[in-house]
Amino acid sequence: MPRFILPLLLCSLLKAAEVPPALRGHPLPDAAKLQDAQGHDNGVRFVDLNGDGHEDIVLSNAREYGVFLFVPKERAKKNLQWDEGWSQVMREGRAGDANSLPLIVRADGSDNGVTFHDGAMWAASSNQRIPFAELLKVPGPAPKSPQDSLKALHLKPGYQATLVAAEPLVQDPVFIDWDAKGRMWVVEMGDYPFAPGEKTKDGSVGQEKVSELQAGRVKILEDTNGDGIYDKASLFLDGLKHPTGLAFWKNGVFIANIPDIFYAEDTDGDGRCDKRETWYTGFTAGNPQHLVNGFCWGLDGWLYGANGDSGGDITCVKDGKKIALGTSDFRFDPRTGGFALEGGRSQYGKWRDDYGNWFGNNNSTIGWHYWLPFRYLERHPEVVAKSVRSDMNGEKRVFPASPPVRRFNQGSAVNTLTSGCSPMPFRDTTFGSDGENVMFICEPANNLVHREVLDYSGGTITSKRHPGDAESEFIASEDNWFRPSMARTGPDGALYVVDMYRLVLEHPEWIPAEIAHGLDLRAGEDLGRIYRIAKTGSPKSGAAIPNPTEAMASSNGWMRDTAQRLLIERNETAAVPELKKLLGAAPAVRIQAAFTLMQLGGMSADDVFALIRPLSPQVRATALTASGSQSEGVFSEAERALLKQAAQKAPAKTPVVAMPAITNNNPNRQKVVAKYVADAAGLSGDARRGAAVFQKVCMVCHKVRELGVEVGPDLTTVATKPREQLIEAIFDPNRAVEQRNAATQVTKKDQSLLMGQLAAETPGNITLRMPGGAEIVVLRSDIRELKTLTTSIMPEGLESVLSAQDVADVLAFISTK
């Protein structure tokens, strides 16, 4: 043995015997016990891999392996899910798998000659050298081939999946739609997570241009031989920045491309865009998971889009009109350029059913039903509504088929809805009862597509898990790279699933920088798949629409939408007699034919209202208001009861509310935090006492299970955060404030001030949610100034009522199951 290796080996063995003195008091990871069940060396070594002065853990024996980085107190930043100690898991698994390490000890516990020096792990027995830089990377599961990933899909009995497009034809697809020729248009977000030059807000992670594929694109796919598989791709437009969706109009498309919505057209027939015209600009840039997106064709001939949670001050280029998007979604008229606000805000996807009802969601919500239309409120300014949407289903449990993989930003979040998107009603009869009144929601973090059954019987539309999916999902993949972003009804009545196919889904904004730097953030940039899900044996039919009037009679929602659009584009009044023959057809056909007739001048708004009003409860106030009729009776009995609860007159005079003196980046607050972290460190919490503390101090703004009021975050959703982060949130609540939890300050014309959380906006009023859950409705006509602050509504100074023991007790309470 070389002379210099012996002392290193002895040092390594010494470190295996005990935890380094400076790090004692921190529990070891479950796998990293110093001795195995027989009392032998378990293959644990303490090595400073990242040079931060704290020794990390490398484990490798005949059973398992792992690399665990030590997280010191000062690096346990807010909103990260890592405790102080060896909590950053860079890799772990069973010995012998693809990412395993050389054995440090053999099966009998004897040393295998592994040493750590010169910035690497050295294995003498296998002549291997693994640099520390490699150990600091998160390897993740390997990608599968398109065919192997197809085999990894779990479907319900009676359904089959077909791979209709894959790389290199598509790469990073996030959105699809079909034109009237039957061609599939694909939006590719190739610049996820960073466009060149972008960084996280704190500047800790970012990328310059690192790849030729690092740009957004729009492609056109064609099936040239009619076998149902797309075999030709044409690049329509590239160089885009985080494109999220498109919609057809006349000879081109509208594209959502931050900060704009623009119209793009190929004028010379070569398949490439050569005309580009911005219609709307001012949508806020930022995290690509939270950008303006769309679009969905409405029965009224307008295109609808989702806010994305980022808002913006929108300029309508055609007429110069300026509109603050705020917390609203929107619609625009492709004929005139008109732009209007709609109830919001939806994060990714705003979609409707055949009856004109609109749905959206965010990453932790199955779905919202937007039951109270803005157009009604615009016509009735005397109605002051607290909210225009309702939660459809509070369930968050999902059933993935993929192997559990520790998330980079929330290690404990498994089998839980965390990335819900694209809530799309299925719009055809091809699935029979399986597809009747069904909505699909994509969940890319858990590698699945979830199915809900819509219930139209109440005041608002609710939903529940499909009875055939009691402990499973409609689609679930064993492949951890399966990242569905959209599941929509195709022209042939099948369900088409768009798979972005990436390793890293979480945006680096929410990943600890130390982990993000060890990740291949663009792994899968050259991959992407699109699947067709259909009843076994169902043939694929063409999507071309030679005669839009005939297509209006289809049971397929895409067919009717496209036919309606073509008839409106062409102002085809000659189609009116044939369309009137459809007014006695099935409800979905009847409704869309009536709206098309109204747009072509063949039917009055009042007549449309009278025709579709009896189709309640599927047809609701949203569709009735969209008809433009001034008739009364818009709301059903159930909706009227809900409206009575939701609407109220604003108080004649609101008392002045004292404004708390709170600021960001307050050094005095950090001193308080440091004291409580130190004082609570050695205390054991009592959940019973903690419940009493919660009821005394916290429940006016927070909820734990069934107890309390949800103004701020539900504390059960943050219970797994490190103790230091939770203490910081208690005593320095303004250190970091999410946009949706920021305080809103209202200055009224009578000089009074209000401050609360902006809960809802309508054309005539806003709703502020106050501590205790009380909601104050303020008429816009009474507002002099509306300002979003960078602070939270949570007060400072809780050290005056909370002891260190109180803190330990309440943290124990919120973490109990």
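Here, the structure is the one placed above.
The paragraphs below set out a description of the structure included in this document. (Residues numbered from 1 in each chain as written. Predicted model: local features only at pLDDT ≥ 70, side-chain atom pairs only at ≥ 80, totals over all residues. Heavy atoms only, no water.)

Notes on the sheet that holds strand 7 (residues 128-131)
Here is step 1 of the chain: One open sheet holds the three strands; their spatial order is 5-6-7, and the pairing between them is antiparallel. Of all the strands in the sheet, the pair left with one neighbour each is strand 5 (114-117) and strand 7. Across this sheet, the average inter-strand angle for adjacent strands is 20°, counted without regard to direction.
Here is step 2 of the chain: Note that strand 6 (residues 120-123) and strand 7 share four bridges and pair antiparallel. Note that in strand 7 the partner of Trp 122 across the bridge is Arg 129. (Pairing = 2+ DSSP bridges. Helix = DSSP H or I, 4+ residues; strand = E, 2+ residues; numbered from the N terminus. Axes fitted to C-alpha atoms, helices over the stretch in contact; angles between N-to-C directions.)

Looking at the packing of aromatic side chains
Here is step 1 of the chain: Counted by the stated rule, this structure contains 30 aromatic pairs.
Here is step 2 of the chain: Relative to Phe 431, the ring of Tyr 159 lies with its centre 5.1 Å away and its plane at 70°, an arrangement referred to as edge-to-face. Within this pair, whereas Tyr 159 is found in strand 9 (residues 159-166), its partner Phe 431 is found in the loop between strand 30 (421-425) and strand 31 (438-443), the two being separated by 272 residues in sequence. Just as Tyr 159 is buried, Phe 431 falls in that class too.
Here is step 3 of the chain: Taken together, a centroid distance of 5.1 Å and an interplanar angle of 45° make the contact between Tyr 280 and Phe 339 tilted. Of this pair, Tyr 280 sits in strand 19 (residues 275-283) while Phe 339 sits in strand 25 (residues 339-342), and the two are 59 residues apart along the sequence. You'll find Tyr 280 and Phe 339 in the same group, each marked buried.
Here is step 4 of the chain: Each residue in the set Phe 254, Tyr 263, Trp 279, Tyr 280, Phe 283, Phe 295, Phe 330, Phe 332 and Phe 339 is aromatic and connected to the rest through ring pairs, giving one cluster.
Here is step 5 of the chain: For Arg 276, the ring lying beneath its charged end belongs to Phe 262, and the centroid distance is 3.9 Å.
Here is step 6 of the chain: Residue placement shows Lys 350 over the ring face of Tyr 370; its charged tip is 4.1 Å from the ring centre. (Phe/Tyr/Trp six-rings, centres within 6.5 Å; stacked < 30°, edge-to-face > 60°. Buried < 20%, exposed > 50% of the residue type's maximum accessible area, 1.4 Å probe, protein only. Lys NZ or Arg CZ within 6 Å of the ring centre and 35° of its normal.)

Side note on the pattern of salt bridges
Here is step 1 of the chain: One pass over the full model with this rule turns up 42 salt bridges.
Here is step 2 of the chain: As a salt-bridge pair, Arg 502 and Asp 172 come within 2.7 Å of each other at their nearest N and O atoms. With Arg 502 in the loop between strand 36 (495-499) and helix 5 (513-516) and Asp 172 in the loop between strand 9 and strand 10 (173-178), this pair connects stretches of sequence that are 330 residues apart. When sorted by exposure, Arg 502 lands in the same class as Asp 172, which is buried.
Here is step 3 of the chain: The partner of Glu 277 in a salt bridge is Lys 318, with the nearest N and O atoms 3.6 Å apart. Placement of the pair is Glu 277 in strand 19 and Lys 318 in the loop between strand 22 (312-316) and strand 23 (322-324), with a sequence separation of 41 residues. (Salt bridge = Lys/Arg side-chain N within 4 Å of Asp/Glu carboxyl O.)

Let's talk about helix 10 (residues 605-612)
Here is step 1 of the chain: For helix 10, the full list of buried residues reads Val 608, Phe 609 and Ile 612. For helix 10, the arc enclosing every buried residue in end-on projection is 100°, short of the 170-degree limit, so these residues lie on one face.
Here is step 2 of the chain: On its buried face, helix 10 is in contact with helix 9 (587-599) and helix 11 (621-626). (Arc of directions from axis to C-beta. Contact = heavy atoms within 4.5 Å.)

Here we look at the sheet that holds strand 19
Here is step 1 of the chain: Overall, antiparallel pairing links the six strands, which are arranged 16-17-18-19-22-23 in an open sheet. A single partner strand is all that each edge strand has here, and the edge strands are strand 16 (243-249) and strand 23. Going from strand to strand, the sheet's axes swing by 25° on average, the running direction of each strand aside.

Notes on the packing of helix 7 (residues 557-569) against helix 9
Here is step 1 of the chain: In the contact formed by helix 7 and helix 9, the axes pass within 10 Å of each other and the chain directions differ by 10°. With respect to helix 9, the axis of helix 7 lies roughly parallel. The crossing of helix 7 and helix 9 is right-handed. Here Arg 560, Asp 561, Gln 564, Leu 567 and Ile 568 of helix 7 come into contact with helix 9, specifically with Ala 588, Val 589, Gln 592, Phe 595, Thr 596 and Gln 599.
Here is step 2 of the chain: Of the residues assigned to the contact of helix 7 with helix 9, the class counts are five nonpolar, four polar and two charged. (Parallel < 35°, antiparallel > 145°, perpendicular 65-115°, else oblique. Left-handed = near helix turned anticlockwise from the far one by under 90°. Nonpolar A, V, L, I, M, F, W, Y, C, P; charged D, E, K, R; others polar.)

Brief notes about helix 15 (residues 723-731)
Here is step 1 of the chain: A large share of helix 15 lies buried, amounting to seven of its nine residues.
Here is step 2 of the chain: Where helix 15 is concerned, the buried positions are Glu 724, Gln 725, Leu 726, Ile 727, Glu 728, Ile 730 and Phe 731.
Here is step 3 of the chain: Contacts from the buried residues of helix 15 go to helix 13 (667-680) and helix 16 (804-815).

Concerning the environment of Asp 223
Here is step 1 of the chain: Its place among the elements puts Asp 223 in the loop between strand 14 (216-222) and strand 15 (232-240).
Here is step 2 of the chain: Considering only alpha carbons, one finds Asp 223 and Ser 402, 179 residues apart in sequence, at a separation of 31 Å.
Here is step 3 of the chain: Ignoring sequence-local partners within four residues, the contact set of Asp 223 consists of Gly 228, Ile 229, Tyr 230 and Asp 231.
Here is step 4 of the chain: Looking at Asp 223, its side chain comes within polar contact range of the main-chain nitrogen of Asp 227, at 3.3 Å. (Polar contact = N/O pair within 3.5 Å; in protein donor to acceptor, adjacent residues only side chain to side chain.)

Observations concerning the side chain of Asp 809
Here is step 1 of the chain: Mapped onto the secondary structure, Asp 809 falls in helix 16.
Here is step 2 of the chain: A polar atom in the side chain of Asp 809 sits 2.8 Å from the backbone nitrogen of Asp 686.
Here is step 3 of the chain: Beyond its immediate chain neighbours, meaning those up to four positions away, Asp 809 contacts Ser 684, Gly 685, Asp 686, Ala 687, Arg 689 and Gly 690.

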